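Residue-level listing of the chains:
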Amino acid sequence: MAPLGVTTGAMKTVSLWQDFLPGSSDIDWCETNYVISNYIAEYYNTVSNVIYVTMPPLLIYLFHPYSKHMGPGINVVWLLLMVVGLGSIYFHATLSFAGQMIDELAIVWVLLAAFAIWTPKHLLNWPFNGNRRRYGQFLVLLGLLVMVLALVKPILNAFILITVTIPVAVLLIIEMKACKDRRAWKLCYISLLWVAVSLIVWFSDRLNCS
């Protein structure tokens, strides 16, 4: 009989490995599985995410002047988008729990990085005293907390992502009030419209297919 410690360690290893197995996620979207390919569960959901991997290098090049003005931190957002793309490809191809976590948590870190870079300085007065570095450290701790919660209770991650859209939308509207550029307002309307559409589609998919 194997020692208890060895047995327990082996069980943990098996349990961890199972998270990488195809179909180990509780989420299954509306797309029919393994129709186009015997190796890819959700073919179109998988292929459509390739753009997240291919576009960021181009964006890094095109936004180079902007990154020189804003700082190299902007490139972190583009690189994290690539992680989102790779995680989403892996998730939709396998429907594994590990893929789900990589996909969703990468999105969380993209949003936190965007907050760290683009939150207006006048909103950092309390409790950060206008210190963006301290604000960034707070966001890192928040991200780590979200990761722990997501691993303990995976269903919370999706609702956390949805909740984040509320302060983003409010902040966008508040900041746009001082803007007179019609093109910027048009972009604002289009962005909010796509956020609304994506939420409707997400809720419809979760309610009807998962």
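It should be noted that the structure appears before, not after, this text.
Because the structure is a prediction, the values reported are computed rather than measured.

Draft legend 1. Quick look at the pattern of salt bridges. In this structure the tally under the stated criterion is one salt bridge. The partner of Arg183 in a salt bridge is Asp181, with the nearest N and O atoms 3.7 Å apart.

Draft legend 2. How the structure looks around the packing of aromatic side chains. A full pass over the atoms with the stated rule returns nine aromatic pairs. Ring centres 6.1 Å apart and planes at 85° place the aromatic pair Phe159 and Trp202 in the edge-to-face group. Of this pair, Phe159 sits in helix α8 (residues 155-176) while Trp202 sits in helix α9 (residues 182-209), and the two are 43 residues apart along the sequence. The exposure class assigned to Phe159 is partly exposed, which follows from its relative accessible area of 40%. The class for Trp202 is buried, based on a relative accessible area of 19%. Relative to Tyr189, the ring of Trp185 lies with its centre 5.6 Å away and its plane at 40°, an arrangement referred to as tilted. Remark: Tyr189 and Trp185 occur in helix α9; sequence separation between them is four residues, near one turn of the helix. The exposure class of Tyr189 is exposed, given its relative accessible area of 57%. In this structure an aromatic cluster arises from ring pairing among Phe63, Tyr66 and Trp78.

Draft legend 3. The arrangement of helix α7 (residues 132-152) in detail. Over its 21 residues, α7 extends 30 Å from the first C-alpha to the last, a length consistent with the 30 Å expected when each residue adds 1.5 Å. Residues of α7 that are buried: Tyr135, Gly136, Leu139, Gly143, Val146 and Ala150. One side of α7 holds all its buried residues, which, seen down the axis, span an arc of 95°. Residues Arg133, Leu141, Leu151 and Val152 are exposed on α7 and point more than 90 degrees away from its buried face. Buried residues along α7 sit in contact with α6 (97-118) and α8. Put simply, Asn131 is the residue that caps the front of α7, since its side-chain oxygen is 3.0 Å from the backbone nitrogen of Arg133.

Conventions used here
Throughout, residues of each chain are indexed from 1 in the direction in which the sequence is written. A pLDDT threshold of at least 70 governs which residues receive local features in this predicted model, and a stricter bar of 80 or more applies before side-chain atom pairs are shown or counted, although totals over entire chains, interfaces and linings include all residues. Side-chain numbers here rest on the full set of heavy atoms in the structure, without hydrogens or water. Each salt bridge in this description consists of a side-chain nitrogen of Lys or Arg and a carboxyl oxygen of Asp or Glu lying within 4 Å of one another. Any two of the Phe, Tyr and Trp rings considered here, Trp counted by its six-membered ring, make a pair once their centres fall within 6.5 Å; the pair's planes then place it as stacked at under 30 degrees, edge-to-face at over 60, or tilted in between. Comment: elements are numbered from the N terminus, with helices defined as DSSP H or I runs of at least four residues and strands as E runs of at least two. Exposure categories follow from relative accessible area, calculated using a 1.4 Å probe and restricted to protein chains: below 20% of the type maximum is buried, above 50% is exposed, and the middle band is partly exposed. Take the number of residues in a helix, subtract one, and multiply by 1.5 Å to get its expected span. Note that the arc is defined by the directions from the helix axis to the C-beta atoms. Should any heavy atoms of two residues lie within 4.5 Å, those residues are counted as being in contact. Contacts described as polar in this section are N or O atom pairs within 3.5 Å, which, within protein, must combine one atom able to donate a hydrogen with one able to accept it, while residues neighboring in sequence count only if both atoms come from side chains.

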